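Reading the structure
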Amino acid sequence: GSIYLPRKGRFDGPRPGVLIPSGHAKPAKAHNEYQSMGALLALNGFVGLVFDPLDQGERMQYRKEDGSMPYYGTHMHMQEGIIAMLLGDGLIQYFAWDGIRALDYLASRPEVDATRLGISGNSGGGTQTSYIFALDDRLKAAAPSCWPHLANRQVNDSMGDMEQMNYGMLAMGLEHPSFFLMRAPAPVKILGATHDFFQIDAVWEGFRYIKRHYTDLGYSERADILENNVGHNYDRTQREAAVRWFNQWLVGQVSDIWEPELDLFSEEELWATSSGQVMDLDGARSVFDLFNAKLE
């Protein structure tokens, strides 16, 4: 992971922390959109933690004998998800646990006020945001981007990988809004995109369920939505909206926040390991090792 800290002396005391699960870009935490989110948070007094998920960045789980890594992201998530399903698990369990452990680390930092934690991710990171937010009530606000819509529509329009599609979810009566209603009325802002492959009308329909129930509880202002007139993304508009949301609900300030031009790092500069791969570390165990242990 990469942690982004506010400049010392500019912000007083422990600051709110925001977890940023990476979407499906191969560089993960080093992807320009996710780096930029960490930087924008730090520039506005937040501590941001961006981390690699399975099969991206430094956490590739499958390599050939020659060391090459032919598959990453959704391709590998499908392979792993089928195995997890046969073992009675859902792959999202592993993603959610990663996020909870990352949150443990973020909350442990001396710069962080552990009573003011938020989460925002895009695409696959939006998926992780939704599940982690539902499962960990330390998170006080969320801003998922380019994922929450409706699973029953996704089945017909753009079937996702098994990071997104939890086995048996629809049969259990769970829909994307369910994961936010589990935490109602904790503040949530859906960041949607007009021209996403996730249909924007399904995004709005899903949001209606959230808004209606928050209104029933007397907290309509805690459910909001942004529709950005672009394709699938986590662009400056999305990032600024997320940080403004956290500023409102974790700091108590409503203010304009604008992202400046940023000088980003190379992928190698953000390596947490010497080789750029966790599986090169002594004692490293892949998700396949965990599957085999469970099978045995």
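Just so it is clear, the structure is predicted and the values come from calculations on it, not from any experiment.

**Describing the overall build of the chain**
Along its length, the chain carries nine helices and seven strands. A compact globule built from 296 residues should have a C-alpha radius of gyration of about 19 Å, and the chain, at 18 Å, falls within 12% of that. Each principal axis of the C-alpha distribution contributes one length, and for the chain these read about 55 × 50 × 35 Å. Residues counted as buried form 52% of the 296 residues belonging to the chain. A separation threshold of at least 6 residues defines the contact pool for the chain, and within that pool the share at least 24 residues apart is 73%.

**Points about a nonpolar patch on the surface**
Taken together, the side chains of V155, M159 and L170 present a nonpolar region at the surface, about 270 Å² in accessible area. As for its placement among the helices and strands, M159 is situated in the loop between α5 (151-157) and α6 (178-181).

**Some words on helix α8 (residues 236-251)**
The end-to-end C-alpha separation of α8 is 21 Å, in line with the 22 Å expected for 16 residues at 1.5 Å each. Among all positions in α8, only Q238, R239, E240, A241, A242, V243, W245, F246, N247 and L250 are buried. Where α8 is buried, its residues touch β2 (15-21), α1 (32-43), β4 (112-119), β5 (139-142), β6 (188-193) and β7 (223-228). Between the side-chain oxygen at the start of α8 and the backbone nitrogen of T237 there is a gap of 3.1 Å, and the oxygen is on D235.

**So, the pairing of β2**
For β2, the buried fraction is high: seven of the seven residues fall into the buried class. Where β2 meets β4, four bridges bridge the pair, whose relative direction is parallel. Of the residues in β4, the one forming a bridge with G17 is L117. By the bridge criterion, five bridges tie β2 to strand β3 (residues 47-51) in an arrangement that is parallel. Among the inter-strand pairings, L19 is bridged to a residue of β3, identified as L49.

**Considerations on the pairing of β3**
Across the five residues that make up β3, a large majority, five, are buried. The two faces of β3 match: V47, L49 and F51 on one face and G48 and V50 on the other face are all buried. As judged from the three bridges shared by strand β1 (residues 2-4) and β3, these two strands associate in the antiparallel manner. Directly across from S2, in β3, lies its bridge partner V50. Running through α1, the crossover from β2 to the neighbouring parallel element β3 is right-handed.

About the cut-offs
Residues numbered from 1 in each chain as written. Predicted model: local features only at pLDDT ≥ 70, side-chain atom pairs only at ≥ 80, totals over all residues. Heavy atoms only, no water. Helix = DSSP H or I, 4+ residues; strand = E, 2+ residues; numbered from the N terminus. Rg over C-alpha atoms; globule rule 2.2 N^0.38 Å. Buried < 20%, exposed > 50% of the residue type's maximum accessible area, 1.4 Å probe, protein only. Contact = heavy atoms within 4.5 Å. Patch = residues over 30% accessible without salt bridge, like charges linked within 9 Å, V, L, I, M, F, W, Y side chains within 5 Å. Areas by Shrake-Rupley, 256 points an atom, 1.4 Å probe, with all protein chains shown as cover. Salt bridge = Lys/Arg side-chain N within 4 Å of Asp/Glu carboxyl O. Expected span 1.5 Å × (residues − 1). Polar contact = N/O pair within 3.5 Å; in protein donor to acceptor, adjacent residues only side chain to side chain. Pairing = 2+ DSSP bridges. Right-handed = clockwise from strand over helix to strand, strands pointing away.

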